[in-house]
Amino acid sequence: MRTVRLYAAVAAGGFRRYATYRWATFAGVFTNTVFGVILAYTYQALWQERPHLGDYTLSQALTYVWIGQAILMTSMVMGGGFEVELIERIRSGDIAVDLYRPVDLQSWWLAGDLGRAAFHLLGRGIVPFVAGALLFDLAIPAAPSRWLSFLAAVALGVVVSFALRYLVALSAFWLLHGDGITRLHVFVATFFSGVSLPLNVFPGLLGEVARALPWASLVQVPADVLLGTYEGGELLGVYGFQAGWAVLLLALGRLVQSAATRRVVVQGG
């Protein structure tokens, strides 16, 4: 119980930390809304030429745009979250202190990232989506259960995103610095998450591979859940897809963390 309270406090601290940057939040909301409008008109032109592209109607495609803008920062598709700080602590050697603390390193950073994600969902997600609903004809579900299912998919996507970025950050133990791999991951995440273009429109084998990769959990899966693509057993199956990747990547992160800890101990000795 004490451990649960500790990580709950860390998550609350992560929420409060980002809530203090009010002007940054305002600027982010404005940016998400502007890019949402640009993407929406682009999608509108594309779907008018290719109706039902990716099995989406025009209204569903426009809704997809604004879902992506609403959860872009929540899922941290573009990076710039805890991994930047963690890489710097590894580079400076301060990570040695963290590894000797009586808390689990991975769980500590995960709790903080969940708090951050909660703030970004509220602070930078709601306004752009509402703006999109006012400006365009969106396919917004009325059933509360659909929204709850969507929030569950977003939460699982955040955990997958954390696990991926945690591995990126830990690579700094073996690299001179983490800038290169961080930028590479941002490129891959942007392409394979579906934030720019739905993965459903990718042709053939590329589409199948893209939808099977963990980055699909960040935007594509939550968007399809809200759009009603998955129902009943299919919904449980897509949750299993996200949870499976989360467990696998978190376990891999622990293995890498253990190897990094041994490296620190050997070097310290």
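Values in this document were obtained by computation on a predicted structure and should not be read as measured data.

Concerning the pattern of salt bridges
And step 1. Enumeration over the complete set of coordinates arrives at 8 salt bridges.
And step 2. For the salt bridge of R89 with D98, the shortest nitrogen-to-oxygen distance reads 2.6 Å.
And step 3. When the shortest N-O distance is used, the salt bridge between D113 and R116 registers 2.7 Å. In this pair, D113 and R116 both sit in helix α6 (residues 105-123), 3 residues apart, roughly one turn of the helix.
And step 4. Overall, the relative accessible area of 2% leaves D113 in the buried class.

Quick look at the packing of aromatic side chains
And step 1. Taken as a whole and judged by the stated rule, the model has 16 aromatic pairs.
And step 2. Judged by centre distance (6.0 Å) and plane angle (80°), the rings of W23 and F26 are edge-to-face. In this pair, W23 and F26 both sit in helix α2 (residues 22-49), 3 residues apart, roughly one turn of the helix. In this structure, W23 and F26 share a single accessibility class: exposed.
And step 3. Clustering of aromatic rings is evident, with ring pairs tying together F82, W109, F162 and Y166.

Things to note about the side chain of S193
And step 1. Here S193 lies in the loop between α9 (179-192) and α10 (204-212).
And step 2. On the accessibility criterion, S193 (0% relative accessible area) is buried.
And step 3. Only 3.3 Å separates the side chain of S193 from the backbone nitrogen of V195, close enough to count as a polar contact.
And step 4. Beyond its immediate chain neighbours, meaning those up to four positions away, S193 contacts Y64, V77, L199, W215, A216, L218, V219 and Q220.

A few points about unusual backbone geometry
And step 1. Phi is positive for D55, which is not a glycine, with a value near 65°.
And step 2. A residue is classified by how much of its surface remains accessible, and D55, at 72% relative accessible area, is exposed.

Looking at the packing of helix α1 (residues 2-19) against α6
And step 1. Two numbers describe how α1 lies on α6: the axes approach to 7 Å, and their chain directions differ by 45°. By the angle class used here, α1 and α6 are oblique. Crossing of α1 over α6 shows right-handed handedness. Here α1 contributes L6, Y7, V10, A11, G14, F15, Y18 and A19 to the contact with α6, which in turn contributes S107, W108, A111, G112, G115, R116, A118, F119, H120 and L122.

So, the confidence of the model for the chain
And step 1. Mean pLDDT for the chain: 91, with 97% of residues reaching 70 or above.
And step 2. Summarising per-element confidence for the chain, the mean pLDDT is lowest in helix α5 (residues 95-99) (82) and highest in helix α11 (residues 220-226) (97).

A look at the nonpolar core
And step 1. One finds I67, L86 and Y166 to be the most contacted residues of the largest nonpolar core, which totals 67 residues.
And step 2. Take this core: its biggest share by element is 13 residues, from helix α8 (residues 144-170).

Describing the environment of L58
And step 1. Considering the arrangement of structural elements, one finds L58 in helix α3 (residues 58-71).
And step 2. Sequence separation between L58 and A40 is 18 residues, and the spatial gap between their C-alpha atoms is 10.0 Å.
And step 3. With sequence-adjacent residues up to four places away left out, L58 is seen in contact with Y43, Q44 and W47.

Let's talk about the side chain of D224
And step 1. Mapping D224 onto the fold places it in helix α11.
And step 2. With no salt bridge to any partner, buried D224 finds its closest opposite charge in R211, at an N-O distance of 7.6 Å.
And step 3. Among all residues touching D224, those that are not within four sequence positions of it are Y56, N200, T229 and Y230.

Quick notes on the rules
Residues numbered from 1 in each chain as written. Predicted model: local features only at pLDDT ≥ 70, side-chain atom pairs only at ≥ 80, totals over all residues. Heavy atoms only, no water. Salt bridge = Lys/Arg side-chain N within 4 Å of Asp/Glu carboxyl O. Helix = DSSP H or I, 4+ residues; strand = E, 2+ residues; numbered from the N terminus. Buried < 20%, exposed > 50% of the residue type's maximum accessible area, 1.4 Å probe, protein only. Phe/Tyr/Trp six-rings, centres within 6.5 Å; stacked < 30°, edge-to-face > 60°. Polar contact = N/O pair within 3.5 Å; in protein donor to acceptor, adjacent residues only side chain to side chain. Contact = heavy atoms within 4.5 Å. Axes fitted to C-alpha atoms, helices over the stretch in contact; angles between N-to-C directions. Parallel < 35°, antiparallel > 145°, perpendicular 65-115°, else oblique. Left-handed = near helix turned anticlockwise from the far one by under 90°. pLDDT = per-residue confidence, 0-100. Core = buried A, V, L, I, M, F, W, Y, C linked by side-chain atoms within 4.5 Å. Lys, Arg positive; Asp, Glu negative; His and termini not counted.

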